[in-house]
Amino acid sequence: VAKDWFGQRNRELLSAVDFVKSLAEPPMQALLSEGHVEWGFQVSLASTILEGQIDLWGVDPKTNEVWIIDYKSGSTDHVEQAFLQLQIYACALERFGKGSKIRLAVIYPLAQKVVVRNYVGRSEILKLFPVLS
């Protein structure tokens, strides 16, 4: 299928898939089998509605940590923007009562790179985005 869809790039893409599946941090095997893929949400706020779609989120059964994953196909130059997006997603999940410790990961499958951070917490997010309060 990869060869039919991606032609000469099929090996690069299969390698990217293998890379993602093999990750221990985040625990991709558990997240891919038990997590929520393309999870859309809406959160009602005081003056607006926050909408988004998380690429993948789930709970690590070993640590009980919630992981939010965002896949990026482009350059790692914009990783800070990616983490701002994930911090907002974490704030939304927290409002849904989906976990106390939330970890964030931006995965660049083609570059075979992962950047992991912790959720900074709602109070820090509200300083950056007061409209979310």
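Above this text sits the structure in question.
Since the structure is predicted, the reported quantities are computational estimates derived from the model, not experimental observations.

Enquirer: What is the right way to look at the environment of P26 in this model?
Expert: Assignment of secondary structure puts P26 in the loop between α2 (10-22) and α3 (28-34). Exposure remark for P26: the relative accessible area of 0% places this residue in the buried category. Sequence separation of P26 and Y119 is 93 residues, and the distance between their C-alpha atoms is 14 Å. Those residues within four positions of P26 in sequence are excluded, and the remaining contacts are L31, W67, I69, A105, I107, V114 and V116.

Enquirer: Please clarify how the sheet that holds strand β5 (residues 113-118) should be interpreted in this entry.
Expert: Strand pairing in a sheet takes place through backbone hydrogen bonds and is either antiparallel or parallel in direction. Strand order in this open sheet of five strands is β1-β2-β3-β4-β5, and the pairing throughout is mixed. In this open sheet, the two edge strands, each paired with only one partner strand, are β1 (36-44) and β5. Strand-to-strand twist of the sheet, defined as the mean angle between neighbouring strand axes without regard to direction, takes the value 35°. Of the strand pairs in this sheet, β1 and strand β2 (residues 49-59) are connected by eight bridges, and their pairing is antiparallel. Bridging from a neighbouring strand, H36 pairs with W57 of β2.

Enquirer: How do you make sense of the pattern of salt bridges when you look at a structure like this?
Expert: Side-chain pairing between opposite charges can occur once the charged atoms of the two side chains come close. Taken as a whole, this structure holds six salt bridges when the rule is applied. For R103, the salt bridge is made with E25, and the minimal N-O distance between the two is 3.5 Å. Here the residue R103 occupies a position in strand β4 (residues 102-108), and E25 occupies one in the loop between α2 and α3, the gap between them amounting to 78 residues. By relative accessible area, E25 is classed as partly exposed at 45%.

What counts, and where the lines are drawn
Residues numbered from 1 in each chain as written. Predicted model: local features only at pLDDT ≥ 70, side-chain atom pairs only at ≥ 80, totals over all residues. Heavy atoms only, no water. Helix = DSSP H or I, 4+ residues; strand = E, 2+ residues; numbered from the N terminus. Buried < 20%, exposed > 50% of the residue type's maximum accessible area, 1.4 Å probe, protein only. Contact = heavy atoms within 4.5 Å. Pairing = 2+ DSSP bridges. Axes fitted to C-alpha atoms, helices over the stretch in contact; angles between N-to-C directions. Salt bridge = Lys/Arg side-chain N within 4 Å of Asp/Glu carboxyl O.

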